[in-house]
Structures are given as C-alpha cells and as structure tokens.
Amino acid sequence: METYKYLLDENEIPKQWYNILADLPFELPPVIHPGTGQPIGPQDLAPLFPMELIKQEVSRDRWIDIPEPVLDVYRLWRPTPLFRARRLEKILDTPARIFYKYEGVSPVGSHKPNTAVAQAYYNKAEGIKRLTTETGAGQWGSALSMACNFFGLECKVYMVKVSYHQKPYRRIIMETFGATVVPSPSPDTNYGRSILEKDPDNPGSLGIAISEAIEDAVQREDTHYSLGSVLNHVLMHQTIMGLEAKKQMEKAGYYPDVVIGCIGGGSNFAGLTFPFIMDKLTKGQKLDVIAVEPLACPSVTKGVYTFDFGDTAQMTPLLRMHTLGSSFIPPAIHAGGLRYHGMAPIVSALAYHGIIEAKAVPQTAVFEAAVNFARAEGIISAPESAHAVLVAIEQALLAKQAGEAKTILFNLSGHGHFDLRAYEEYLSGKLADYEYPEELVHQALEKVPRIQA
Ligand SMILES: *Cc1c(COP(=O)(O)O)cnc(C)c1O
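Quick caveat: nothing in here was measured; it's all calculated off a predicted structure. The residue numbers shown here count from 1 along each chain, following its written sequence. Predicted model: local features are reported for residues with pLDDT of at least 70 only, side-chain atom pairs are reported and counted for 80 or more only, and whole-chain, interface and lining totals are derived from all residues. To get the side-chain values, all heavy atoms of the structure are used, and hydrogens and water are removed first.

Peer 1: Lay out the pattern of salt bridges in plain terms, naming residues and giving numbers.
Peer 2: Salt bridges are defined by distance alone: a side-chain nitrogen of Lys or Arg within 4 Å of a carboxyl oxygen of Asp or Glu. Considering all chains together, one arrives at 20 salt bridges under this definition. Put simply, glutamate 12 and lysine 251 hold a salt bridge, and the shortest N to O gap is 3.8 Å. Of the two residues, glutamate 12 sits in the loop between β1 (5-6) and β2 (16-18) while lysine 251 sits in helix α11 (residues 232-252), which places them 239 residues apart along the sequence. As a salt-bridge pair, arginine 84 and glutamate 89 come within 2.8 Å of each other at their nearest N and O atoms. Working definition: helices are DSSP H or I runs of at least four residues, strands are E runs of at least two. Numbering for both runs from the N terminus.

Peer 1: Got a sec to walk through the site of the ligand? Specific residues and values, please.
Peer 2: Taken together, the neighbourhood of the ligand is formed by 19 residues, with Lys112, Ser229, Gly264, Ser267 and Asn268 sitting nearest. Take glutamine 139: an N or O atom from its side chain is 3.3 Å from an oxygen atom of the ligand. Pairs of N or O atoms within 3.5 Å make up the polar contacts considered here, provided that, within protein, one atom can donate a hydrogen while the other can accept it, and that residues adjacent in sequence are counted only when both atoms are side-chain atoms. At a separation of 2.7 Å, a nitrogen atom of the ligand approaches a polar side-chain atom of serine 413. Each accessible area value is a Shrake-Rupley result obtained with a 1.4 Å probe; residue values ignore everything except the protein chains displayed when judging cover. Within the complex, the protein chains bury 98% of what would otherwise be the 380 Å² of accessible surface of the ligand. Any residue with a heavy atom lying within 4 Å of a molecule or strand is counted as near it.

Peer 1: I'd like a description of the sheet that holds strand β9 (residues 223-225), backed by residues and values.
Peer 2: For two strands to pair, DSSP has to find at least two bridges joining them. Spatially, four strands are ordered β8-β7-β6-β9 in an open sheet, and the strand pairing comes out parallel. Strands with a single pairing partner mark the edges of an open sheet, and in this sheet they are β8 (180-184) and β9. On average, adjacent strands in this sheet sit at an angle of 25° to one another, irrespective of strand direction. The contact rule is simple, with two residues in contact once any of their heavy atoms fall within 4.5 Å. Axis angles are defined between N-to-C directions and span 0 to 180 degrees, where every axis is a line fitted to C-alpha atoms and, for a helix, only to the segment in contact. Running at roughly 170° to strand β7 (residues 154-160), helix α8 (residues 168-176) makes contact with β6 (130-135), β7 and β8 of the sheet.

Peer 1: I'd like to hear about helix α12 (residues 267-283), residue by residue, with values.
Peer 2: Given 3.6 residues per helical turn, the α-helix brings residues three or four places apart onto the same face. Take the residue count of a helix, subtract one, and multiply by 1.5 Å to get its expected span. For α12, built from 17 residues, the straight-helix expectation of 24 Å at 1.5 Å per residue is met to within 8% by its first-to-last C-alpha distance of 24 Å. Two axes are fitted around each residue, one to the seven residues ending there and one to the seven starting there, and the angle between them is reported as the bend at that residue. Phenylalanine 274 marks the point of greatest bend in α12, at about 45°, and the proline proline 275 comes within the next four residues. Partly exposed describes any residue whose relative accessible area lies between the buried limit of under 20% and the exposed limit of over 50%, with all areas from a 1.4 Å probe on protein chains only and scaled to the type maximum. In terms of residue burial, α12 counts as a mostly covered element, since 13 of its 17 residues are buried. Positive backbone phi, at 65°, marks glycine 284, one or two positions downstream of α12.

Peer 1: Break down the pairing of strand β15 (residues 407-412) for me, with residues and values.
Peer 2: Most of β15 sits out of view: six of its six residues are buried. On β15, burial covers both faces: Thr407, Leu409 and Asn411 on one face and Ile408, Phe410 and Leu412 on the other are all buried. Judged from the six bridges that link them, strand β5 (residues 97-102) and β15 form a sheet pairing that is parallel. Across the sheet, arginine 97 pairs through a bridge with threonine 407, a residue of β15. Examined bridge by bridge, strand β10 (residues 258-262) and β15 share three bridges and lie parallel to one another. Across the sheet, residue valine 258 finds its bridge partner in β15, namely isoleucine 408.

Peer 1: Can you explain the nonpolar core? Please cite residues and give values.
Peer 2: Among the buried residues, those of types Ala, Val, Leu, Ile, Met, Phe, Trp, Tyr and Cys that are joined through side-chain atoms within 4.5 Å form a nonpolar core. Judged by nonpolar contacts, the single largest core of 37 residues is most densely connected at Phe274, Ile346, Val347 and Leu350. With near-sequence residues (within four places) excluded, phenylalanine 274 lies in contact with Tyr18, Ile20, Leu235, Thr239, Phe269, Ile346, Val347 and Leu350.

Peer 1: Tell me about α11, and name the residues and values.
Peer 2: Given a rise of 1.5 Å per residue, 21 residues ought to cover 30 Å, and the 30 Å separating the end C-alpha atoms of α11 matches this to within 8%. Along α11, the sharpest change in direction is near 30° and occurs at glutamine 238. Within α11, 18 of the 21 residues are buried, which leaves the element mostly enclosed by the surrounding structure. Immediately downstream of α11, the backbone of glycine 253 shows phi near 85°, a positive value.

Peer 1: Now, about the environment of arginine 84: what can you tell me, with residues and values included?
Peer 2: Mapping arginine 84 onto the fold places it in strand β4 (residues 82-84). Residue arginine 84 is classed as buried on the basis of its relative accessible area of 9%. Those residues in contact with arginine 84 that sit more than four places away from it in its chain are Thr3, Tyr4, Tyr6, Glu89, Arg97, Ile98, Phe99, Tyr254 and Glu377. A polar side-chain atom of arginine 84 sits 2.8 Å from a polar atom in the side chain of glutamate 89.

Peer 1: Let's hear about the packing of helix α15 (residues 363-377) against helix α16 (residues 383-402): which residues, and what values?
Peer 2: One can describe the packing of α15 onto α16 by two numbers: an axis separation of 8 Å at closest approach and a directional angle of 80°. By the angle between their directions, the pair α15 and α16 is classed as roughly perpendicular. Within the contact between the two elements, α15 uses Ala365, Val366, Phe367, Ala369, Ala370 and Phe373 and α16 uses Pro383, Ala386, His387, Val389, Leu390 and Ile393. Just so you know how the angles are binned, under 35 degrees is roughly parallel, over 145 roughly antiparallel, 65 to 115 roughly perpendicular, and the rest oblique.

Peer 1: Describe the packing of helix α6 (residues 139-151) against α8, with residues and values.
Peer 2: It is the contact of α6 with α8, at a shortest axis distance of 8 Å, that shows an interaxial angle of 10°. Judged by the angle between their axes, α6 and α8 are roughly parallel. Across the interface between the two elements, Gln139, Gly141, Ser142 and Ser145 of α6 pack against Arg170, Ile173 and Met174 of α8.

Peer 1: Can you break down the side chain of threonine 135 residue by residue, with the values?
Peer 2: Note on placement: threonine 135 falls in strand β6. By relative accessible area, which is 1% here, threonine 135 ends up buried. Engagement of the side chain of threonine 135 in a polar contact is seen with the backbone nitrogen of glycine 138, the distance being 3.3 Å. Apart from residues no more than four positions distant in its own chain, threonine 135 is found in contact with Trp140, Gly141, Val157, Tyr158, Met159, Val160, Met174 and Leu206.

Dropping the structure here:
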C-alpha cells in the first residue's frame, strides 16, 4: 500500500519555534533609524509592537517557547498534513519523490495564522485593545482578523485597493470575524489622503497600506501595528511548519535534497525551510533551497541588497534587504501576496551569502503549473503557492533528465478558492505576462536612501 499523506497527532505539535538567528554564520546587519543613521533600540519600536515581540526580533536563543494559549488556537488546524504528490510524480513520469506541506487547511486557507495568532496573543497580554495592519490579497487580513477575534482585540485592515475590488470575499471573511476593512489608499489617514489627492485611481500597494496602518497605530495609545511577513519574529513563528515537516519527512523515511517556497515577504519560505537550513548550517547537511518570486516583482533576483524603508511613506526603520525601491509599485499580478518591493532581512542575507538561491518566474507558467497540479492532486493552489509548484515540477523534470531519484519538498502555503477569477482568466487564454518593469524599478532604486552597508 502506498502512503499519500503523513499526519501527526495533536500532541506532536512542536512546543517551541526555531530562531535561525542563533545559527547564522554571519552577523545580520542592524536595523537603522532613518533620522540618526544609528541602529534602533527597543524603545523605537515600542509604539508599534509589544515588548515580547521586540525581544523575539533580536533574540539569539535557538528555541522560543510557544505560549499555551497560542498552542490552543493552533490545535484548531495543526498539525497540518504533509502529502506525497504521487499522482503528480506519475504524470511527470519522474523518478523524483515530491512532497508538499499543505497550509491551506487552516481556517483562512493559508500559513498566515501561524504568526497572526501569536501576535494577537502577545499584544493582548500587554494590554493592547486594537491592532492595525495592511493586507494584499486578503490572506493576512483574514488571518489577523480571526486571531484578533479569538483574543478579543479590535482589528482595522488597510486592504490594497486592487485586491479590495478583485477579492470581495476576503473582505467579507475579515468582516465576519469583526474587523473593519478599508481600501488603501484610504481617506482615513493623512498619507492615504495625500495619495488620493494626486491620483484618485491609485491601485494601492503593500508599501502604501503599511504606511497607513503604521500612521493609524502611532496615533493611538491603545493601538499597535501588526506585520504579516518580513520581520524576524514573523519568520520565526512560521517555523512551526518546517518543524512539523521534519517529523513528517522522518515518518516518510526521506530527507529532502531540495526545499522550495515562494517569496513575497519571505515568511512561508522561511517557515518551511529554516528548520532544514539549520541542518545545513550546524551539521553540514547537503541541501538546495530555492526561493521563487514573480518576474513582475523580482526583489531578490533583480533588486539591490541595501538599506531601504519597509513602506512607501518612509515611516519604518531602514532594513538591509533585497529591494526594488520602496517607492516601486509592482504590477497588479494575481499573486497579490507576492507584490512587495522588499524581502525579509534574514532571507535576503541568506541569498546574499549564497546559502539559498532565488528564481523569478512569469505568471502564465505559474498558472499552467497550478492547473496541472490541481488536475493531478485535486488541490487548487493559491497563485502565490503555485510559484513553488512550478519550480517543484521543474526540479522533478530535471531529475527525470538526470535519472535521479531526488527528494523534493515544497510549501503549498495556501489554497486558491478566492482566486478563481485568476484561474478563469488563465483557462480562457486571457492571462498575460507582465514584463519585468525595469525602468520603474530603476527610478525607484534612485530614491533609496544612501546608507553605507
Ligand atoms: C501571503 C502569502 C504568501 C506570501 O507571503 P510570504 O510572507 O512570502 O509567505 C504566500 N502564499 C500565501 C498563500 C500567502 O497567503
């Protein structure tokens, strides 16, 4: 009998997150205050985040305990399954073994609640009443809305305007959990109003929505801000996926030769891969790790590794990361969750030091892979996750050419049940590729602050 999925019991949920900062073979560059040019301290972040998350952001402890109330919420859907894509293997006629970790089983359909629940918990524990955030395609907003609901917090979501109109169902999910959702740029903040005055049809971007959510949060004592990706503590919360996957791969009797994830801000990629990269860093394990990004927003493959703002209004501290320029507004590709100008500092540094590699792919190839995957495995993947599906298929075909029985593991970070309009466009032959917007990126990079790296 062939095994298709590897499950864990509820009591096998990892009780700690893995902090890769303990094992990096290089110093992560400091976060810089744009005014002073000096590294920031905890007090600079205190208006935005609870102290416990600020501590996690800079902690060098390898393992951080997951609080019991967070585990209680995780138990609603965790551990998530690890599948072996046997039907896909047969269709590709490859000797490769393809495994995927499936996060689409969470209540909101993606990996994002893994950190949303933790962030809502720590804010509640420190007496905060209300969280603000941004959302692109709506996955992060849905996750945080659900988490806020569980912990009795108010939630205000600035949703990138194109997605607000393209994906009304995600807005309704957020509202069902009790959140307030506005299209960004919105008339609710100074920054939003300033953009709307110049350009009433501005489609919005994650960078703009982040600026609005931060502006809102700093103006109120009872309010903090919550970010769904990029930051060290967010990536760490996501390692629950990779830690589970390691146990599941052990049950399957294989260790991956290659681990793959898509990258928007880097959190699902980090969450699956860091616990495996730990073996590479601490035990010399041989392992290829591939981050996949859209050709229309290729921060790692075409961006510059430098200090830049995390948002468009230049309100955040400066992070050293791969960036296309914080003023760059990416084309409206369907993988809304991958439309971000920057990349997590840790993921950027790993790429810069050659510990992981990155690859950019066009959206028509991504949807072709997504449809083939759906027909083989029965799961309609999120357009974001389908970037990883495409590269997993490419790897399986390379293994076939080489006659190698390689083991491939990728992150299927979410389902695409609210992205069906994109599938419809692909199926009716209307989906177009966006060229890499070289000139716009060039202009945005000109405006990046000049800080000596
Ligand atoms: C948000 C999202 C992404 C991209 O964000 P990362 O922080 O890079 O993981 C990828 N996949 C899904 C399903 C998402 O919701």
